[in-house]
Amino acid sequence: TATLAGKIDAQTTLINDKFCQLEMREMQNKIDALRDEKVVLQNNIDLTETVTVPAGVTAILDLNGKNIKNTPAGTATDVIVVAGELTINGEGTIEATTGNDGYAVISEGLLIINGGTYTNVDAISDDPNDSHFDLIYVKNGGHVEINGGTFICETPKWTLNLKDRDTSSITV
């Protein structure tokens, strides 16, 4: 199994402390270069920018008991945006703590969730009159397949949300 760290140093190794300290842009560049790769987290990651899985990229993310969250210090309003294909495996947490809508994951491609905890209970709205926090949001013809996991949403009726009048879908 190759990992992001393996892509960085051409070795098949797990992500380590040094990798997790890379600038967010460098991490995103490594994700952009992935093709059918498996990423195994070895540390918790606080994001300052949204991670995007671009169209044409297929990746597997093994949470490995670790946490990924966006931080108020950064510009990440969403944790992960999927335009390609992403499978999330294992236990761990994806937490949206900032942003107007508190998205943990937005799918415009194919997202397969096989485990993990997804939460936005500490999300803070930029608009004091808006208490609408989507946890998993699907739009632009995207698809989400949920085979396992725990979902804890600040506003429960928006835990899984499809864009209105769109061809997107969610299978649970």
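Residues numbered from 1 in each chain as written. Predicted model: local features only at pLDDT ≥ 70, side-chain atom pairs only at ≥ 80, totals over all residues. Heavy atoms only, no water.

**As for the overall build of the protein**
Tallying secondary structure elements over the protein gives 3 helices and 14 strands in all. Counting the 172 residues in the protein, one finds 45% classified as buried. A separation of at least 24 residues holds for 70% of the contacts in the protein among residues at least 6 apart in sequence. Surface accessibility of the protein: about 8200 Å² in total, with carbon and sulfur atoms responsible for 45%. (Helix = DSSP H or I, 4+ residues; strand = E, 2+ residues; numbered from the N terminus. Buried < 20%, exposed > 50% of the residue type's maximum accessible area, 1.4 Å probe, protein only. Contact = heavy atoms within 4.5 Å. Areas by Shrake-Rupley, 256 points an atom, 1.4 Å probe, with all protein chains shown as cover.)

**Points about the sheet that holds strand 3 (residues 51–53)**
Taken in spatial order, the 5 strands of this open sheet run 3-6-9-11-13, and their pairing is parallel. Every other strand in the sheet has two partners, leaving strand 3 and strand 13 (160–162) as the edge strands with one partner each. Adjacent strand axes in the sheet meet at a mean angle of 15°, parallel and antiparallel pairs treated alike. Across 4 bridges, strand 6 (residues 78–82) lies against strand 9 (residues 103–107) in parallel orientation. Each residue of the ladder has a partner; that of valine 81, found in strand 9, is isoleucine 106. (Pairing = 2+ DSSP bridges. Axes fitted to C-alpha atoms, helices over the stretch in contact; angles between N-to-C directions.)

**Here's the deal with the environment of alanine 123**
Within the secondary structure, alanine 123 sits in the loop between strand 10 (110–119) and strand 11 (136–138). Along the chain, alanine 123 and cysteine 153 lie 30 residues apart, while their C-alpha atoms are 9.3 Å from each other. Apart from residues lying up to four places away in sequence, alanine 123 is in contact with Ala96, Thr97, Gly102 and Phe133.

**Re the nonpolar core**
Counting 29 residues, the largest nonpolar core has Leu61, Ile80 and Leu86 as the members making the most contacts within it. Not counting chain neighbours up to four residues away, the residues in contact with leucine 61 comprise Val39, Leu41, Ile68, Ile80, Leu86, Thr87, Ile88 and Asn89. (Core = buried A, V, L, I, M, F, W, Y, C linked by side-chain atoms within 4.5 Å.)

**Some points on the pairing of strand 12 (residues 143–152)**
In this sheet, strand 12 lies alongside strand 10 in parallel orientation, the contact comprising 8 bridges. Within the sheet, the bridge partner assigned to asparagine 114 lies in strand 12 and is glycine 148. Of the pairings in the sheet, the one linking strand 12 to strand 14 (residues 169–171) comprises 3 bridges and is parallel in character. Bridging across to strand 14, glutamate 145 finds its partner in threonine 171.

**A closer look at the confidence of the model for the protein**
The predicted model of the protein has a mean per-residue pLDDT of 77, with 69% of residues at 70 or higher. The low-confidence segment residues 1–23 (pLDDT under 50) makes 42 contacts with residues lying over four places distant or belonging to another chain. (pLDDT = per-residue confidence, 0-100.)

**Remarks on the pattern of salt bridges**
Counted according to the given criterion, the structure contains 1 salt bridge. For glutamate 108, the salt bridge is made with lysine 139, and the minimal N-O distance between the two is 3.4 Å. You can see glutamate 108 sitting in the loop between strand 9 and strand 10 and its partner lysine 139 sitting in the loop between strand 11 and strand 12, a full 31 residues away along the chain. A relative accessible area of 22% means that lysine 139 is categorised as partly exposed. (Salt bridge = Lys/Arg side-chain N within 4 Å of Asp/Glu carboxyl O.)

**Overview of the packing of aromatic side chains**
In total, this model carries 2 aromatic pairs according to the counting rule given. Ring centres of tyrosine 103 and tyrosine 137 lie 5.3 Å apart, and the angle between their planes is 35°; this geometry places the pair in the tilted category. Taken together, the residues span a long stretch of sequence, with tyrosine 103 in strand 9 and tyrosine 137 in strand 11 at a distance of 34 residues. By the burial criterion, tyrosine 103 is buried, and tyrosine 137 matches it. Ring centres of tyrosine 118 and phenylalanine 151 lie 5.1 Å apart, and the angle between their planes is 10°; this geometry places the pair in the stacked category. Taken as a pair, tyrosine 118 in strand 10 and phenylalanine 151 in strand 12 lie far apart in primary sequence, 33 residues in all. According to the relative accessible area criterion, tyrosine 118 is buried, its value standing at 0%. According to the relative accessible area criterion, phenylalanine 151 is partly exposed, its value standing at 23%. (Phe/Tyr/Trp six-rings, centres within 6.5 Å; stacked < 30°, edge-to-face > 60°.)

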